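Fold and contact review
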Amino acid sequence: MSAPKRLLIVHHTQSGNTGRLAAAVLEGALRVSETETRLLRAFDAGTADLLACDGLLLGTPENFGYMSGALKDFFDRTYYPCEGKLVGLPYAVFVSAGNDGTGAVREIGRIANGYGWKTVAEALIVRREITPADLERARELGEAMAAGLAMGVF
């Protein structure tokens, strides 16, 4: 029997909105017992965490049309130590946006392309106030990612 797949959720929250989404993503991922899931704040996640995962979910608020500085710091600290070691890593993004969120998604995608990762789900962008429907969409994202890893879809 092979070891369970490992899903890493890395996020940053300032106002708490992205944290609420991250908690819902985690809740959904935990519905899949065949996958081990860890939730870490961006400042607490590092190279070892990234190298140990089989799939990645990234959460950020939109700040001035960009990802949070904390998520960018995570990328800055892990890029060179992980360069060439995570090609094909499946990932997806969730964003809490005051505006439209597309700038943050675009820039994360550019960095992920540098790592050689592959996006496996459409970005979840929640604009303005978080609704119960948004939290359910976040749960579905977490569950789909964990299930996809468990089934070897990605």
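As a reminder, the structure under discussion sits directly above these lines.
Residues numbered from 1 in each chain as written. Predicted model: local features only at pLDDT ≥ 70, side-chain atom pairs only at ≥ 80, totals over all residues. Heavy atoms only, no water.

1. What about the packing of aromatic side chains?
On inspection of all chains with the given rule, the structure shows 7 aromatic pairs. Ring plane angle 55 degrees and centroid distance 6.0 Å describe the contact between Phe 75 and Tyr 115, whose orientation is recorded as tilted. Placement of Phe 75 in helix α3 (residues 69-82) and of Tyr 115 in helix α4 (residues 102-115) is noted, with a sequence separation of 40 residues between them. The same class applies to Phe 75 and to Tyr 115, which are both buried. Taking 5.0 Å as the distance between ring centres and 80 degrees as the angle between the ring planes, the aromatic pair formed by Tyr 79 and Tyr 115 counts as edge-to-face. Of this pair, Tyr 79 sits in helix α3 while Tyr 115 sits in helix α4, and the two are 36 residues apart along the sequence. Residue classification places Tyr 115 among the buried positions, given a relative accessible area of 3%. These aromatic residues form a ring-pair network of at least three members: Phe 74, Phe 75, Tyr 79, Tyr 80, Tyr 91, Tyr 115 and Trp 117. (Phe/Tyr/Trp six-rings, centres within 6.5 Å; stacked < 30°, edge-to-face > 60°. Helix = DSSP H or I, 4+ residues; strand = E, 2+ residues; numbered from the N terminus. Buried < 20%, exposed > 50% of the residue type's maximum accessible area, 1.4 Å probe, protein only.)

2. Focus: the side chain of Ser 68
With respect to the helices and strands, Ser 68 occurs in the loop between β3 (55-61) and α3. On the basis of relative accessibility, which here comes to 0%, the residue Ser 68 falls in the buried class. Apart from the residues lying within four places of it in its own chain, the contact partners of Ser 68 are His 12, Thr 60, Pro 61 and Asn 63. (Contact = heavy atoms within 4.5 Å.)

3. Quick look at the pattern of salt bridges
Inspection of every chain in the model, using the stated rule, returns 9 salt bridges. For Glu 27, the salt bridge goes to Arg 139, with nearest N and O atoms at 3.0 Å. Pair noted here: Glu 27 is in helix α1 (residues 17-29) and Arg 139 is in helix α5 (residues 132-151), with a separation of 112 residues, a long-range link. Given the relative accessible area of 43%, Glu 27 is considered partly exposed. (Salt bridge = Lys/Arg side-chain N within 4 Å of Asp/Glu carboxyl O.)

4. Focus on the nonpolar core
Ranked by internal contacts, the top residues of the largest apolar core, which has 28 residues, are Leu 50, Leu 56, Leu 58, Phe 75 and Trp 117. Those elements giving two or more residues to this core turn out to be β1 (5-11), β3, α3, β4 (90-97) and α4. With residues near it in sequence (within four places) discarded, Leu 56 still touches Leu 7, Leu 8, Val 10, Leu 50, Leu 89, Pro 90, Tyr 91, Ala 92, Trp 117 and Met 145. By size, the runner-up hydrophobic cluster in this structure holds 22 residues, among which are Ala 92, Phe 94, Ile 130 and Leu 149. (Core = buried A, V, L, I, M, F, W, Y, C linked by side-chain atoms within 4.5 Å.)

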